[in-house]
Each structure stands twice: as structure tokens, then as C-alpha cells.
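# Structure at a glance
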There are 2 protein chains.
Amino acid sequence: MFDFKILNTDGEARYASMKVDDKQVETPMFMPVATKAAVKTLTSEELEELGVQGLISNMYHLLLKPGIEVIENAGGLHQFMNWDGLIFTDSGGFQMIRSDFESKVTPEGVTFSSDMDGKTYEITPEKCIEMQKRIGSDVAMCLDYCPPYPADRGELEKSVIRTKEWAERCRKEGEHIFGISQGGTISELREKSCKDIVDLEFEGNAIGGLSIGEPTELMYGNTEISTSIFPKDKPRYFMGLGSPVDILECIDRGVDIFDSAYPTRNARHRTIFTSNGKIRIDKSDFKDDQSPIDPNCECPTCKNYTRSYIHHLCKAEEMSWMRLASLHNLKFMMDLMSEGRKAIKEGRFETYKDDFIERYKKG
Amino acid sequence: MFDFKILNTDGEARYASMKVDDKQVETPMFMPVATKAAVKTLTSEELEELGVQGLISNMYHLLLKPGIEVIENAGGLHQFMNWDGLIFTDSGGFQMIRSDFESKVTPEGVTFSSDMDGKTYEITPEKCIEMQKRIGSDVAMCLDYCPPYPADRGELEKSVIRTKEWAERCRKEGEHIFGISQGGTISELREKSCKDIVDLEFEGNAIGGLSIGEPTELMYGNTEISTSIFPKDKPRYFMGLGSPVDILECIDRGVDIFDSAYPTRNARHRTIFTSNGKIRIDKSDFKDDQSPIDPNCECPTCKNYTRSYIHHLCKAEEMSWMRLASLHNLKFMMDLMSEGRKAIKEGRFETYKDDFIERYKKG
């Protein structure tokens, strides 16, 4: 069962409910990445407490470690990680092509050798979906072909064709699958790829191959192209977008779902989100700062610890700082999204977005 | 206010209640180490949930980072770390002498230079206690002089004399201070040092300079010497002892308090305690093991995760394994102690100890 119901719109922004079998979430939604079946430094119980609705894991990484069978034996990813919420899985096509392993892309799929086990893996679109299903993914992502940025037109044209061909083969593998568009930042190619994907009537449509280094305006522009083509009654997912400002801008352009390692990676690099912008908690300004990171934040870090203490943990290389900062940054994203949903519902998303961005950028 | 009340004895083992101002604990008690104002990978909330009654932090480390003033500004260690339980602080004499910094021991105290800030620190016994008090320690430990193992007789004799002289000076600095005996494994010297310390009538008496590499039998023997000299009506603290078997053997010889990084350090090195002995969770035996580490354990790790999942986290270098394993190992220690207290109360400590050790060593 897959159901996507728009509850309110505000301009292009949409507040919706998405149901996948027995799992229901509200969008706009941000998913932390649990690449290897774990959100770095955190537990599933903590994610639940933060209000995280869904995670995205990565088939490619799980294939290498622990292997599909281990997760099957555990009863699937949900049981393995003790996570009751929604689980998207990415095909890992992006990672396969960029991996240190020798990889080869053919019309048939992607072949690569792992130096972990010496094996050669041949990932066809069919196998890719099948494996995502086997590990118990709620929503599987198509195998796509994403060239790096910048890529020449020829490479992008090839990626659009290949991504379409692979998507057609993925589609035959069942339901609860999202298609992914490519096309880089070349409008006609992006348009073409979006139409290709839409034609296949996946449960949802994703934007791939953006937020990989292109100028922000090109990213926004190609997002607009995508959402103007993606049908209104299906969820739209911008893969790999994680900065608060970009997310609000893309909600404003009609995107519903986001994922990124950005909040947790920033946390591990000592960078913490606040409504007045990012702060580097290891800066000496915070040495004696007895306030929480954000007095209005309800995260376990802000309820229990001061900036001074977290500063000390960083300086002393006590790695619990990574947890505390990750908890806060993820809660910040959860609040950003729930405030966003509320603003859409109340028809004031534009003001919410503008106010947030002004404060955040000034900081 | 300092109160130590023995509630039950069983042979030499004692079940007691210890009150330090408004903080009450039960002994035998094991304290995790929060060397730099944090138990590695864990939060204070987790420690409380595990039933941890007290922690030991290290004045020497805190002096270097974040500095005494930062902790004072935060309102003391309890506020700084958000920890309501008991806090012992060690002088850090042990670490000062062994540090990479150039250090010099004179009758006056210990002098060392830190390459962190280029400063030279002169730690006298008086300053050492004063600083522990300033950071809000509940129980301060004397500055002692602990030679390495093995040390020759001359060195040990010198350490006994110096430790006594320093203890006399510490005693003048106030109350809620434990003395520390030295003497290595030479019975007469150990005896002499214990008597020196006892004469100064500290609130508690500690065994120092053991569990640093000497044969187990010598450690047990010198523990017996110590507890035969230490008065019955005061708490006895074996510093730095952390293996479950050794702790039970020393409770059986009349020791009340223990601390060590052993459980958390083992956890970070992928070694997990079970009633059937230690296991290396990264061994391939556990790859598909769907049981918790210990089905009878009530720790968050055992309630939520399988051996298979923790094995995967280790293999995938997902550092949350360190937390999960640390939580379990510390809960194991807490259970060991509460079961021990119960066994003393019920007059069956010997059986409890023997059964535990037999099972643990067989595993």
C-alpha cells in the first residue's frame, strides 16, 4: 500500500501525508542517512526521540558489509537496526561509480570488484531492486547513472538514456520504487529525464545529479524544472540535499523529501546549527559560555549540557561531543521541517522561509 | 558531612552505606572513570540510567584541560558534566609522573611543563587538594608518589616516606579526603605505609601502587595486609582495579570501593563482558547471532540490539559500537556490585563469588 495525500498547499510548497504499508509520515520530511545501517554516533532510540520519521540506507554499502544475507537473517533492516520508522534504500549507484574499487558501467549495469572480499559484483537494475526488497526496504530507489559535476553534454546525454533504460527495468521489479532523474544542469536534458521517469509511473519521483557542486542558482532552476514536470499527486524527493537554507528553498519549489549526511557530518566536524547560523563550538568564544547551544531547543544536548562543556569535550577529544552535536543538529532539522509543515498549513510558508534565512545567514 | 555505616558483613566482605554531604551511595561500589569530566562515549544521563553511583575524575587532566577556572565558572564539576551522583577526584600524581611532559618530583611536590600551553605547573600537596575542592569534588584523593612496577626497594622506601609527608600536608587542607598507601609489593613497606596513612585519620583509606603489573597473588596478599591495617569503620578504596574477578576477590578481602577504565576501555576494543566470560564481538561467530549480548541483561544495548548488529557496527567501523559495548560493560559492573551487596547482606558472598568466577573463567 502506497498513499500520498496532499493536505495543504502554499504556493508550490506542499504539506502532505505519505503512507507506505503500515508506516505513515508527514512531508516535507528530512531523512538522516544510515548508510551502513546506522546513523553515525547515534542509536535508533535516539532518532525516534528526536522525531525522525524516516532514514535512508545504502544498498551498495550494505552489500559489501554486512552482506544482504546477514540482514535477511536478522529479519530485515528494521529488525537489524531496531528501527520502526520508514526506511528508504538508495541503490548506491552514485557510490559504486565513485568507489575506489575498479568499476565499469555497461548497458547491463555496474560491475565492480571489492578489495574487502576480493569478489566481483555485477549490479543490474533488476538485482539492485531485488536486493533492496530482500533487505526489507520500504521504498527502493532505482539504479541510476549520475556523472560527476561538471560533465560534458555527451556524458549527460548518455546518463539520461542509461538512467531511463535502467529505470524501465527497475519498474518491472515491483512497487514502492522511486525513479530518479538525471540531466545535470542542462535544462533540456533535465526536462527529458524527468519526463522519462514520470512516464514510468513510479510511486515517487526523485531529483538526482544535483547538489554535487553546481552553482546554487542552477540547482534551484533545475529543481523548478523537475517539480514542474513531476506530477502533483506524487512525492518528490531531492536526494542528498541537506543545508537548511537549500531545503527551505526547495520546499518552496515543491519538493517533499530530503536526505543528507550534512547535519551529522557537520556535527562531527564541530559545527553546530543554530537559528542564528552555524557555530564552530571549538572556538574559544564558547570556553566559558554557560548557555545551551540554543535555549529554545528541546534536544537532549540542549536540555542537559552547556556550550562550555561541549567545547571542552571537543578540545579534550572526548568523542561524546560528536553524539551531542549530532543530536542537536538533527533536532534542528526536525524542527525546521515541522515548523515548515505548520507554516504551509497556515499559509505563511514564504514568511517563515524568508525569516529563517535572514536570521540564519546573518549569524 | 561524611558518614560510613556498615550494614552487614560476611567474612571480610562488607555491605555499607556511605554518605558524603547530600550524596548517599552503597558499597561495594564500582566507579567508572571520567578522567576528563566525561566517561568515554557516554552521557551523564546514561550513567544515571545504568545505576552508576559515583565517578572518578582526574585533577591533573582537568588542570590541563579545560583548566580549573573553567570548571569553577561552570559552578563545579557536577554542574559542568550535569552529574548529580558522587564525584571522587584523583590527584593525578600517577599521571603527572608518567606523563610525556618533563616532570620532576621534589620533597615539595611535582613540577611539570605542559606542551599544551607551555606553562610550568608546580603541584604541591596543598595545591592539589585545594584545586580538587575548587572544582567541587565530593571526595579528594591525596597527592601520592607511586613508583612503577617493578621498582627497587630504595625507590619504594622513598615513595612510602614521600607519600606520608605529602599526606600529612594534604590532611591539613580539610575534610572529605582519602589517604593513599604505597609500598609496592614489599609487605613491610606496604604495612608501614598503611599505618602512616591510617594515623592521619582520613575519611577513607586507599590502596595505591597495586594492579600496575604485579602478579595477582602479590596483589591479593598486599590487599589483605592493607585491609587488616585499615580501620573497619572507614571505607577502603582500591584505586584502578577493574577486572570483575579481581574486584570480587578484593571485596572478599574487605575492600569497598573500586574504579577503573577497564570496562569502557575493553568495550572500545570490542571486548564485551558476559557471565560466561569475555567475548570479542568482532569475531565471525557473531555475524549472524540474533541474540542479545546477554538475554538476562537489562542494559539499553541488550534490550535493543543483537550480537549480529553490534558485530556489524564493529566491522563497518561505525563507532556507535563503542557506546553500545560501553553501556553493556558498565551495566555488567553495576550488576556485579549490586548482586555482590545482596549476597553479603544474605551471608552468601563466598558462594556468589566462587560461582561467578567459575562461570566467568570457563567462558
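Because the structure is a prediction, the values reported are computed rather than measured. (Residues numbered from 1 in each chain as written. Chains lettered and ligands numbered in written order. Predicted model: local features only at pLDDT ≥ 70, side-chain atom pairs only at ≥ 80, totals over all residues. Heavy atoms only, no water.)

Residue A:Pro66 is reached from A:Lys65 by a cis peptide bond, and omega for that bond is 5°. Mapped onto the fold, A:Pro66 is located in the loop between α2 (59–64) and α3 (68–73). The backbone phi angle of B:Asp21 is positive, close to 50°, even though this residue is not glycine. With respect to the secondary-structure elements, B:Asp21 resides in the loop between β2 (13–20) and β3 (23–27). One non-glycine residue, B:His176, lies in the positive phi region at around 60°. Among the structural elements, B:His176 can be located in the loop between α7 (153–171) and β11 (177–181). (Helix = DSSP H or I, 4+ residues; strand = E, 2+ residues; numbered from the N terminus.)

Further remarks concern the relation of the copies chain B and chain A. Here the second copy of the chain follows from the first by a rotation about an axis and a shift along it. Superposing chain B onto chain A requires a rotation of 180° together with a translation of 0.0 Å along the rotation axis, leaving an RMSD of 0.0 Å. The superposition of one copy onto the other is thereby described by a two-fold rotation axis. Residue B:Thr41 of chain B places its C-alpha closer to the rotation axis than any other residue of that unit, at 4.5 Å. Comparing interface residues between copies, 100% of those in chain B also lie at the interface in chain A; the contact surface is shared. (Least-squares fit on C-alpha atoms with pLDDT ≥ 70 in both. Contact = heavy atoms within 4.5 Å.)

Time to look at the pairing of strand β6 (residues 86–90) of chain A. Residue and element names in this part refer to chain A. Within β6, five of the five residues are buried, leaving the element largely enclosed by the surrounding structure. Along β6, one buried face is formed by Leu-86, Phe-88 and Asp-90 and the opposite face, lined by Ile-87 and Thr-89, is buried too. Of the pairings in the sheet, the one linking strand β5 (residues 54–58) to β6 comprises five bridges and is parallel in character. What sits directly across from Ile-56, in β6, is Phe-88. Sheet topology note: the β6/strand β10 (residues 139–141) ladder contains two bridges and is parallel. The residue bridging Phe-88 from the neighbouring strand is Val-139, located in β10. (Buried < 20%, exposed > 50% of the residue type's maximum accessible area, 1.4 Å probe, protein only. Pairing = 2+ DSSP bridges.)

Below, the discussion takes up the confidence of the model for chain A. Close inspection of predicted coordinates is inappropriate for parts of the model with low pLDDT. Summing up the model confidence of chain A, the mean pLDDT is 96 and the portion of residues at 70 or higher is 99%. Model confidence for the complex: the whole-complex pTM is 0.97, and ipTM, which rates the interface, is 0.97. (pLDDT = per-residue confidence, 0-100.)

Every contact between the two is made by 36 residues of chain B and, on the other side, 36 residues of chain A. Together, the buried faces of chain B and chain A total about 3,300 Å²; carbon and sulfur atoms form 52% of this surface. The interface formed by chain B and chain A holds four salt bridges in total. One salt bridge in this structure joins B:Lys40 and A:Glu318, with 2.7 Å as the shortest N-O distance. On the surface where chain B and chain A come into contact, there are 22 residue pairs in polar contact (both at pLDDT 80 or more). A total of five residues in the side of chain B that touches chain A trace back to one element, the largest contributor, which is helix α13 (residues 307–315) of chain B. Looking at side-chain class alone, the side of chain B that touches chain A contains 15 nonpolar, 10 polar and 11 charged residues. (Buried area = accessible area lost by both parts, 1.4 Å probe. Salt bridge = Lys/Arg side-chain N within 4 Å of Asp/Glu carboxyl O. Polar contact = N/O pair within 3.5 Å; in protein donor to acceptor, adjacent residues only side chain to side chain. Nonpolar A, V, L, I, M, F, W, Y, C, P; charged D, E, K, R; others polar.)

Our focus in this paragraph is the packing of aromatic side chains. Think of a pair of aromatic rings as described by two things: how far the centres are apart, and how the planes are tilted against each other in angle. All chains considered together, the criterion is met by 30 aromatic pairs over all chains. Centre to centre, the rings of A:Phe2 and A:Phe178 are 6.1 Å apart; their planes meet at 70°, and the pair counts as edge-to-face. Here the residue A:Phe2 occupies a position in strand β1 (residues 2–10), and A:Phe178 occupies one in strand β11 (residues 177–181), the gap between them amounting to 176 residues. A:Phe178 gets classed as buried once you look at its relative accessible area, which sits at 0%. Summarising the aromatic geometry, the rings of B:Phe356 and B:Tyr360 are spaced 5.2 Å apart at their centres and angled 20° between planes, so their arrangement reads as stacked. Of the two residues, B:Phe356 and B:Tyr360 are both situated in helix α15 (residues 349–362); the distance of four residues between them amounts to about one turn of the helix. Per residue, the accessibility class of B:Phe356 equals that of B:Tyr360, and both read buried. (Phe/Tyr/Trp six-rings, centres within 6.5 Å; stacked < 30°, edge-to-face > 60°.)

We now examine the packing of helix α14 (residues 320–345) of chain B against α15(B). All names here are of chain B. Between α14 and α15, the least distance of the axes is 8 Å, while the angle of their chain directions is 150°. One finds that α14 runs roughly antiparallel with respect to α15. Residues Phe-332, Asp-335, Leu-336, Glu-339, Gly-340, Ala-343 and Ile-344 of α14 form the contact with α15, whose own contacting residues are Phe-349, Tyr-352, Phe-356 and Tyr-360. Residue composition of the contact of α14 with α15, by class: eight nonpolar, one polar and two charged. (Axes fitted to C-alpha atoms, helices over the stretch in contact; angles between N-to-C directions. Parallel < 35°, antiparallel > 145°, perpendicular 65-115°, else oblique.)

What follows is about the sheet that holds β2(B). Residues and elements named next belong to chain B. With antiparallel pairing, the three strands of this open sheet are ordered in space as β1-β2-β3. Two strands lie at the open edges of the sheet, namely β1 (2–10) and β3, each paired on one side alone. Ignoring strand direction, the axes of neighbouring strands in this sheet form an average angle of 10°. Judged from the eight bridges that link them, β1 and β2 form a sheet pairing that is antiparallel. Residue pairing in the sheet places Asp-3 in a bridge with Lys-19 of β2.

It is worth spelling out the pairing of β11(A) at this point. Residue and element names in this part refer to chain A. Within β11, five of the five residues are buried, which leaves it mostly tucked inside the rest of the structure. Neither face of β11 is left uncovered, since the one carrying Ile-177, Gly-179 and Ser-181 and the one carrying Phe-178 and Ile-180 both have all their residues buried. Relative to β11, β10 runs parallel, the two sharing two bridges. Its bridge partner being in β11, Met-141 is matched across the sheet by Phe-178. For β11 and strand β12 (residues 204–207), the ladder comprises four bridges, and the chain directions are parallel. Residue pairing for β12: Phe-178 is matched across the bridge by Gly-204. Handedness of the crossover joining β11 and β12 through helix α8 (residues 187–199) is recorded here as right-handed. (Right-handed = clockwise from strand over helix to strand, strands pointing away.)

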